[in-house]
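# Per-entry structural report
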Amino acid sequence: EAGVVQSPRYKIIEKKQPVAFWCNPISGHNTLYWYRQNLGQGPELLIRYENEEAVDDSQLPKDRFSAERLKGVDSTLKIQPAELGDSAVYLCASSLGGRQSSDTQYFGPGTRLTVL
Amino acid sequence: AQTVTQSQPEMSVQEAETVTLSCTYDTSESDYYLFWYKQPPSRQMILVIRQEAYKQQNATENRFSVNFQKAAKSFSLKISDSQLGDAAMYFCACRTSGSRLTFGEGTQLTVNP
């Protein structure tokens, strides 16, 4: 069974440029997460989708970040315009879904973004 | 909201020996799960082991086991017969029902040949 797929693996852009990341979750997983991981820290949630609905986006900087999950499968996270402080690893994760604490998340390989 | 603390930024172990990584957490909920994830240089977060708060028996997965002390809110990970491939950043995490998965700061494990 394929795991969570993300692309690209690496991205280097100039500040003020736009950038987009793509994620394909594990088949059958209804919940999809985007995390940002700064160097030497644990991941922090940006947004969580239940199917195509964003149910937790309180940590998403909405002035420059946007996300979508059309048809409740693949998802795209966009930054426009990028700032130097956006350099980080962006992780996508998926889970079967539900509010129970046992709902386990499985992660993709991440995209390392460098903003120059 | 829950908090997770890993007080050991770095640990090292000799190949084939045993190492224990510490984690403490805090939550007011009674229903929660605890997780250990491994993140090698490839960056992919890999689930190592998980523990349900209601279960008193410590979880075990091959060479990985936990010491779950509920009253002390402690959840340490023991790696036996350490291998070079175990070298990675290890994150402890906690999730209560309906809430986010909260991660600790991580412990960088080095395995010396």
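See the structure shown above.
This report concerns the structure included in the present document.

Let us look at the overall build of chain B. Scanning chain B from N- to C-terminus turns up 0 helices and 12 strands. Ordered by position from N to C terminus, the α and β elements of chain B give β-β-β-β-β-β-β-β-β-β-β-β. Taking 13 Å as the expected radius of gyration for a compact globule of 113 residues, we find that chain B reaches 13 Å, a close match to that expectation. Its C-alpha atoms give chain B principal-axis dimensions of about 40 × 25 × 20 Å. Out of the 113 residues belonging to chain B, those deemed buried represent 48%. Taking the contacts inside chain B whose residues are at least 6 apart along the sequence as the reference set, 54% of them involve residues at least 24 apart.

When the parts of a complex come together, some accessible area is lost, and that lost area is often used as the size of the interface. Contacts between the two partners involve 30 residues from chain A and, on the opposite side, 22 residues from chain B. When chain A packs against chain B, the two sides together hide about 2,000 Å² of surface, and 46% of this comes from carbon and sulfur. Across the chain A-chain B interface, the total number found is 1 salt bridge. The partner of Arg100(B) in a salt bridge is Asp56(A), and the shortest N-O contact between them spans 2.8 Å. Run the count over chain A and chain B and you get 9 residue pairs in polar contact (both at pLDDT 80 or more).

Residues and elements named next belong to chain A. Under the defined criterion, the tally for this structure stands at 2 disulfides over all chains. Disulfide pairing is shown between Cys23 and Cys92; the S-S distance is 1.9 Å. On the sign convention where negative is left-handed, the bridge of Cys23 and Cys92, at about -70 degrees about the S-S bond, is left-handed. Of this pair, Cys23 sits in strand β3 (residues 19-24) while Cys92 sits in strand β9 (residues 88-95); the two residues are 69 residues apart in sequence, bridging distant segments of the chain. Both residues of the pair, Cys23 and Cys92, belong to the buried class.

The subject of this paragraph is the side chain of Ser75(A). All names here are of chain A. Tracing the sequence through the fold places Ser75 in strand β8 (residues 75-79). Within the structure, Ser75 has its side chain in polar contact with the side chain of Trp34 (distance 2.9 Å). Once you skip the residues sitting within four places of it in the chain, Ser75 turns out to touch Phe21, Trp22, Cys23, Leu32, Trp34, Tyr49, Glu68 and Arg69.

Residue and element names in this part refer to chain B. Counting residues in each nonpolar core, the largest one holds 25 residues, and the members touching the most others are Trp36, Phe75, Leu77 and Tyr90. Of all the elements in the fold, those that place two or more residues in this core are β3 (19-21), β5 (32-39), β6 (46-52), β8 (64-69), β9 (74-79), β10 (88-96) and β12 (107-112). Residue contributions to this core peak at 4 residues, all from β10. Setting aside its immediate chain neighbours within four residues, Leu77 contacts Val19, Thr20, Leu21, Trp36, Val48, Ile49, Phe64, Ser65, Val66 and Tyr90.

Looking now at the packing of aromatic side chains. In total, this model carries 13 aromatic pairs over all chains according to the counting rule given. Aromatic pair Tyr35(A) and Phe107(A): ring centres 5.4 Å apart, planes at 40 degrees, arrangement tilted. Highlighted residues: Tyr35(A) in strand β4 (residues 31-37) and Phe107(A) in strand β10 (residues 106-107), separated in sequence by 72 residues. The exposure class assigned to Tyr35(A) is buried, which follows from its relative accessible area of 1%. One aromatic cluster in this structure is built from Tyr33(A), Tyr35(A), Phe107(A), Tyr33(B), Phe35(B), Tyr37(B), Phe91(B) and Phe103(B). Stacked on the ring of Tyr10(A), the Lys or Arg Arg43(B) has its end atom at 5.0 Å from the ring centre.

What counts and what doesn't
- Residues numbered from 1 in each chain as written.
- Chains lettered and ligands numbered in written order.
- Predicted model: local features only at pLDDT ≥ 70, side-chain atom pairs only at ≥ 80, totals over all residues.
- Heavy atoms only, no water.
- Helix = DSSP H or I, 4+ residues; strand = E, 2+ residues; numbered from the N terminus.
- Rg over C-alpha atoms; globule rule 2.2 N^0.38 Å.
- Buried < 20%, exposed > 50% of the residue type's maximum accessible area, 1.4 Å probe, protein only.
- Contact = heavy atoms within 4.5 Å.
- Buried area = accessible area lost by both parts, 1.4 Å probe.
- Salt bridge = Lys/Arg side-chain N within 4 Å of Asp/Glu carboxyl O.
- Polar contact = N/O pair within 3.5 Å; in protein donor to acceptor, adjacent residues only side chain to side chain.
- Disulfide = S-S within 2.5 Å.
- Core = buried A, V, L, I, M, F, W, Y, C linked by side-chain atoms within 4.5 Å.
- Phe/Tyr/Trp six-rings, centres within 6.5 Å; stacked < 30°, edge-to-face > 60°.
- Lys NZ or Arg CZ within 6 Å of the ring centre and 35° of its normal.

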